[in-house]
Amino acid sequence: MNKLDKTKSSQELYERACAVLPGGVSSPVRAYRSVGGTPRVIERAKGAYVTDADGNELLDFVCSWGPLILGHANPAVLAAITIAAERGTTFGAPTPFEVELAERVVSMHPALDMVRFVSSGTEAVMSAVRTARGFTGRDLILKFSGCYHGHADHFLVAAGSGLATFGTPSSAGVPAAFAEQTAVLPLADMQALEDFFKTRGDELACALIEPLPANNGLLIQRPEFLTRLRELCTKHGAMLLFDEVITGFRVAPGGFTELSGITPDLATFGKVIGGGLPVGAFGGRAELMNVLSPDGPVYQAGTLSGNPVAMAAGLAALDQLERGGGWKHINKLGDELDDALRPVLQSHGANLARVGSIFWMSLAEGEAPRTAECIPSSAADRYTGLFHKMLERGIALAPSAYEVGFLSTAHTSEHVRELVTAIDEVLALE
Ligand SMILES: *Cc1c(COP(=O)(O)O)cnc(C)c1O
């Protein structure tokens with residue numbers, strides 16, 4: 001027996017983890033700090049289910065926070081990974097899989113003439129912003145409060161006080177001088193948008209936004225807001241960057257860009273594009289992408305970028321989705337979830353926000369909010385109770401009130417009904 005087999009509980013494994021990994025994790029939300037308790041250590045998964053180290057099988061709506069649009073351990077993706085790995089796991093040279101995946105994503109997404117691969121969503125957004133800055137010769141960027149763009153220094157920024165449009169660091173370790181190059185506006189606020197562009201639009205390298213903000217609840221924006229942002233960027237010579245790390249290849253083959261009909265200058269991807277392996281990508285119009293090294297002056301590189309095994313996994317995932325009618329399946333499941341869950345939540349003084357296969361329970365009376373500032377703190381308290389009672393019933397939701405849930409092609413109508421029934425029962429106990 002190896003060491004893992006003897007240490008058979010999440011509790012014991014997590015205690016060991018805490019001695020050698022800060023917070024016992026490799027990414028903070030996994031530590032359950034906002035819901036309390038000991039994180040389930042996941043040992044294996046298949047389809048719609050994960051199995052923890054204690055031997056519990058859980059119906060999973062976290063889906064690794066978005067990548068697993070085909071569910072866990074999809075056989076076609078596993079086969080592609082095996083075939084690719086047998087040919088060698090990295091060469092530091094161009095590979096056929098990389099060319100094929102690039103051709104595929106460029107043909108699928110309306111904003112892309114060209115794409116460059118990286119290894120995470122953070123890296124994609126960081127590199128896309130550098131591209132916009134290099135192309136425009138401007139430093140200032142604009143982001144929106146409630147949107148997440150990864151953990152690069154210039155994204156960990158909160159709105160400055162009062163009328164100042166300078167941002168301030170939202171994490172220790174981020175220099176104030178970096179944060180000053182990021183302006184932060186509230187979502188859904190047309191007037192603030194107009195005022196900002198009037199005063200600082202001509203200094204702006206790019207505006208970045210999750211066109212469907214899905215990292216602080218699901219904050220569905222009015223189409224006019226995105227349309228106006230597009231117009232203002234064009235008018236002031238600023239690039240518009242859609243961060244489609246969650247929405248890309250999920251809400252439609254062409255991401256939220258396809259759904260909205262609004263085309264950004266640059267778009268970023270992660271999560272689904274790697275089929276469960278670490279892949280990110282950014283792309284846009286050719287004239288913009290051509291500023292990248294080696295053709296242009298903007299430096300960007302990666303030892304494992306375009307990794308053949310990861311490229312093969314991404315390609316297999318997109319292939320499966322296309323051939324199996326994957327988007328149709330998950331969007332239909334999303335409709336079923338909506339029909340069943342929305343009235344249940346409303347009967348318990350809550351509401352649902354949902355687009356396609358992405359859903360979020362707003363645990364407060366009234367319409368689901370459009371801005372992060374409108375989410376009351378009481379919602380997080382209610383979520384803590386819901387989260388643990390759902391786990392006891394064998395259903396895994398994200399361990400934070402602000403994280404969305406995902407449906408995959410491995411989910412069925414029965415799974416959706418099981419979820420809705422459990423939520424109804426648990427909220428009735430409140
Ligand atoms: C997850 C996410 C990122 C960061 O991606 P990582 O792969 O975690 O670095 C960036 N933007 C959005 C919209 C995301 O959801």
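Residues numbered from 1 in each chain as written. Predicted model: local features only at pLDDT ≥ 70, side-chain atom pairs only at ≥ 80, totals over all residues. Heavy atoms only, no water.

## What about the pattern of salt bridges?
Okay, so step 1: Tallied over the entire structure, the rule returns 17 salt bridges.
Okay, so step 2: For the salt bridge of arginine 230 with aspartate 265, the shortest nitrogen-to-oxygen distance reads 2.9 Å. Here the residue arginine 230 occupies a position in helix H8 (residues 223–236), and aspartate 265 occupies one in the loop between helix H9 (255–260) and strand E11 (266–269), the gap between them amounting to 35 residues. Across this residue pair, the class does not change: arginine 230 and aspartate 265 are buried.
Okay, so step 3: With a closest N to O distance of 2.9 Å, arginine 354 and aspartate 335 form a salt bridge. Highlighted residues: arginine 354 in strand E13 (residues 351–355) and aspartate 335 in helix H12 (residues 326–347), separated in sequence by 19 residues. (Salt bridge = Lys/Arg side-chain N within 4 Å of Asp/Glu carboxyl O. Helix = DSSP H or I, 4+ residues; strand = E, 2+ residues; numbered from the N terminus. Buried < 20%, exposed > 50% of the residue type's maximum accessible area, 1.4 Å probe, protein only.)

## Notes on the sheet that holds E13
Okay, so step 1: Taken in spatial order, the three strands of this open sheet run E13-E14-E16, and their pairing is antiparallel. The open sheet has two edge strands with one neighbour each: E13 and strand E16 (405–406).
Okay, so step 2: Here five bridges tie E13 to strand E14 (residues 358–362), and the two strands are oriented antiparallel to one another. Counted as the bridge partner of arginine 354 is phenylalanine 359 from E14.
Okay, so step 3: Against the sheet, H12 engages E13 and E14, with an angle of about 170° to E13. (Pairing = 2+ DSSP bridges. Contact = heavy atoms within 4.5 Å. Axes fitted to C-alpha atoms, helices over the stretch in contact; angles between N-to-C directions.)

## Considerations on the pairing of strand E12 (residues 280–284)
Okay, so step 1: Of all five residues in E12, five are buried, a share of seventy percent or more.
Okay, so step 2: Judged by which residues are buried, E12 turns out to be covered on both faces: Gly280, Phe282 and Gly284 on one side and Ala281 and Gly283 on the other are all buried.
Okay, so step 3: Bridging between strand E4 (residues 114–118) and E12 involves five bridges; their strand directions are antiparallel. Paired with phenylalanine 117 across the bridge in E12 is alanine 281.
Okay, so step 4: Pairing of E11 with E12 involves four bridges; the strand directions are antiparallel. Within the sheet, the bridge partner assigned to phenylalanine 269 lies in E12 and is alanine 281.

## Some points on the site of the ligand
Okay, so step 1: The full set of residues close to the ligand is Ser120, Gly121, Thr122, Tyr148, His149, Gly150, Glu210, Asn215, Asp243, Val245, Ile246 and Lys271.
Okay, so step 2: The contact in question runs from a nitrogen atom of the ligand to an N or O atom on the backbone of tyrosine 148, over 3.3 Å.
Okay, so step 3: At 2.6 Å from an oxygen atom of the ligand is found a side-chain nitrogen or oxygen belonging to lysine 271.
Okay, so step 4: In the complex, 83% of the free accessible area of the ligand, which totals 380 Å², lies under the protein chains. (Near = heavy atom within 4 Å. Polar contact = N/O pair within 3.5 Å; in protein donor to acceptor, adjacent residues only side chain to side chain. Areas by Shrake-Rupley, 256 points an atom, 1.4 Å probe, with all protein chains shown as cover.)

## Some points on the packing of helix H3 (residues 75–86) against helix H11 (residues 308–323)
Okay, so step 1: Closest axis-to-axis distance for the H3/H11 pair is 8 Å, and the angle between their directions is 150°. One finds that H3 runs roughly antiparallel with respect to H11. At the point where H3 passes H11, the crossing takes the right-handed sense. Across the interface between the two elements, Ala76, Val77, Ala80, Ile81, Ala84 and Ala85 of H3 pack against Pro308, Val309, Ala312, Ala313, Ala316, Ala317 and Gln320 of H11.
Okay, so step 2: In terms of residue class, the contact of H3 with H11 is made up of twelve nonpolar, one polar and no charged. (Parallel < 35°, antiparallel > 145°, perpendicular 65-115°, else oblique. Left-handed = near helix turned anticlockwise from the far one by under 90°. Nonpolar A, V, L, I, M, F, W, Y, C, P; charged D, E, K, R; others polar.)

## Considerations on the domain arrangement of the chain
Okay, so step 1: Splitting the chain by domain gives domain 1 (10–61 + 325–428) and domain 2 (75–322).
Okay, so step 2: Look at where the C-alpha atoms of domain 1 and domain 2 centre, and you get two points 26 Å apart.
Okay, so step 3: Taken together, the contact between domain 1 and domain 2 spans 24 residues of the former and 26 residues of the latter.
Okay, so step 4: Roughly 2,100 Å² is buried in total at the junction of domain 1 and domain 2, and carbon and sulfur atoms are behind 61% of that figure.
Okay, so step 5: Counting the contacts that link domain 1 with domain 2 gives nine residue pairs in polar contact (both at pLDDT 80 or more).
Okay, so step 6: Take the side of domain 1 that touches domain 2: its biggest share by element is four residues, from H12.
Okay, so step 7: For the side of domain 1 that touches domain 2, the class distribution of residues is 13 nonpolar, six polar and five charged. (Domains from an automatic or database assignment. Buried area = accessible area lost by both parts, 1.4 Å probe.)

## A few points about the nonpolar core
Okay, so step 1: Phe144 and Ile209 are the most contacted members of the largest nonpolar core, which has 76 residues in total.
Okay, so step 2: The greatest single-element share of this core, amounting to seven residues, is contributed by helix H14 (residues 413–428).
Okay, so step 3: Taken domain by domain, the makeup of this core includes at least three residues from each of domain 1 (10–61 + 325–428) and domain 2 (75–322).
Okay, so step 4: Ranked by size, the runner-up nonpolar core spans 34 residues in total, among them Ala111, Ala312, Ala317 and Ile330. (Core = buried A, V, L, I, M, F, W, Y, C linked by side-chain atoms within 4.5 Å.)

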